[in-house]
Amino acid sequence: MKNTIIYGLRQLCGVVAPEVERLAGKEMTDGFGIIDDAFIEIDNAAGTIADFGPVSALDSARLEGADVIRGNGRVLVPAFADSHTHIVYAGSREGEFVDKINGLSYEEIAARGGGILNSADRLHEASDDELFYQAQQRLSEIAAKGTAAVEIKSGYGLNTADELRMLRVIARLKESSPLDIRATFLGAHAVGREYAGRQEEYVDMLVREMLPAVAAEGLADYVDVFCDRGFFTVEQTDRILSEAARYGLRPKIHANELDNSGGVQVGVARNAVSVDHLERMGGAEIELLAASDTIATMLPGASFFLGMPFAPARIAVNSGLTVALASDYNPGSSPSGDMRFVWALGCIKMKLSPVEALAACTVNGAAAMGLAGTVGSIAKGRPATFILSRPVPSLDFIPYAYTTPWIEKIFIRGREM
């Protein structure tokens, strides 16, 4: 089988040293390399990157023995790694979209029985096949926009049977999709309707019933808790994470979206892979994260859609943190999985450079779901999973002209999609 060589690229972006699994602070610029007038060679038998570099290092004999794609005027970037989504859900919530336009807050909509509980009601009425086919459509949508790895949470079940149904749907998606998928158990997304006013009893049930059932079927890679004002307390979060650890489930938790909740502190204490949202993060949290291995995952799509403050990505990167950006694709607060838009928001609203924001959407997103070294970067021997752009002036043009069509080809493990 011949190798494939793409040569004459305007820019090859996202090059990392072979040992790199994540990038922090200045490394998000200095360690995420760009090669001008470049080539990349795909080992088609293995689906990996065989070689890359400046075209000046490529001899004609290699071209003659390969399948060749001309890269003239094109930019090649790693495919996106979206480390925080909720794409298994039933129906949509555009009625709440209008409520927001009319001035209701996220908390007010939830207090009226909307929000997460609305999605839980709809999911309860949907069949397993309906959930699967709707989620499959969303998965195809984000794949066409350049996402090759995605984390998907449960959390719209809020009872044992429906949480297990959601996780089984995610397992079906894993089997049927070429994307790398990670599953997260988020039974502590809200308190189910039948436990209204009895939050401690709900936590008791989650610990005694849900967690063992999820673990018995091996359905989850991670555990999550919505640790924030009006949802779950630090003490409840700590209890859930402690019990989950007994089953080998490492945390990836919602923290500091609505308030300075203490979620970052409990996440770091419990060795969370990531703490996510962070719109209300202050200096104490940044200092704590800088001294930990926990990744700061920020969700600018939710800030955009809800009109909330954007997480302090610029300060976080300047402080040496590993920052990831993810879509938060869900029906209530971020109904989009377009990671190119997330990349653009990272630049426009969070003041990251295009290279920093791309690193946050790729190599650091991969690390935030345990896929470091498999997607999100360009290095010899790593999977050939990347996006080839249409002809563009530069990498910077892609988040700048953020609605202009830009993808020409997508490769996952060396195969053109």
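Use the structure listed above.
Residues numbered from 1 in each chain as written. Predicted model: local features only at pLDDT ≥ 70, side-chain atom pairs only at ≥ 80, totals over all residues. Heavy atoms only, no water.

Peer 1: Which parts of the structure should I look at to understand the side chain of Ser-261?
Peer 2: Within the secondary structure, Ser-261 is located in the loop between β10 (250–255) and α10 (263–269). Overall, the relative accessible area of 18% leaves Ser-261 in the buried class. Separated by 3.2 Å, the side chains of Ser-261 and Asn-256 make a polar contact. (Helix = DSSP H or I, 4+ residues; strand = E, 2+ residues; numbered from the N terminus. Buried < 20%, exposed > 50% of the residue type's maximum accessible area, 1.4 Å probe, protein only. Polar contact = N/O pair within 3.5 Å; in protein donor to acceptor, adjacent residues only side chain to side chain.)

Peer 1: How do you make sense of the sheet that holds strand β7 (residues 147–153) when you look at a structure like this?
Peer 2: Strand-to-strand pairing in sheets goes through backbone hydrogen bonds, with the strands running parallel or antiparallel. Pairing in this open sheet of 8 strands is parallel, and the strands run β6-β7-β8-β9-β10-β11-β12-β13 from one edge to the other. The open sheet has two edge strands with one neighbour each: β6 (80–85) and β13 (323–325). Strand after strand, the sheet turns through a mean of 25° between neighbouring axes, direction not considered. Here 4 bridges tie strand β9 (residues 222–227) to β10, and the two strands are oriented parallel to one another. If you follow Cys-227 over to β10, its bridge partner there is Ala-255. Across the sheet, helix α15 (residues 354–361) is in contact with β6 and β13; its angle to β13 comes to roughly 80°. (Pairing = 2+ DSSP bridges. Axes fitted to C-alpha atoms, helices over the stretch in contact; angles between N-to-C directions. Contact = heavy atoms within 4.5 Å.)

Peer 1: I would appreciate a short explanation of the nonpolar core in the present structure.
Peer 2: Across soluble globular proteins, nonpolar side chains show a tendency to be buried alongside one another. Ranked by internal contacts, the top residues of the largest apolar core, which has 118 residues, are Leu-173, Phe-185, Tyr-202, Leu-278, Met-298, Leu-325 and Trp-343. Here the element with the most residues in this core is helix α8 (residues 199–217); it accounts for 9 residues. Non-local contacts of Tyr-202, meaning those with residues more than four positions away in its chain, are made with Leu-158, Gly-187, Ala-190, Val-191, Gly-192, Tyr-195, Met-210 and Phe-232. One finds Leu-9, Ala-38, Ile-69 and Phe-411 within the second-largest nonpolar core, a separate group that totals 17 residues. (Core = buried A, V, L, I, M, F, W, Y, C linked by side-chain atoms within 4.5 Å.)

Peer 1: Which parts of the structure should I look at to understand the state of the cysteines?
Peer 2: Here a disulfide denotes a covalent bond joining the sulfur atom of one cysteine to the sulfur atom of another. Inspection of the entire model under this criterion finds 0 disulfides. We note that Cys-347 lacks a disulfide partner, and the nearest cysteine sulfur, in Cys-361, lies 8.3 Å from it. (Disulfide = S-S within 2.5 Å.)

From the geometry alone we can't say anything about function, so treat these as descriptive.
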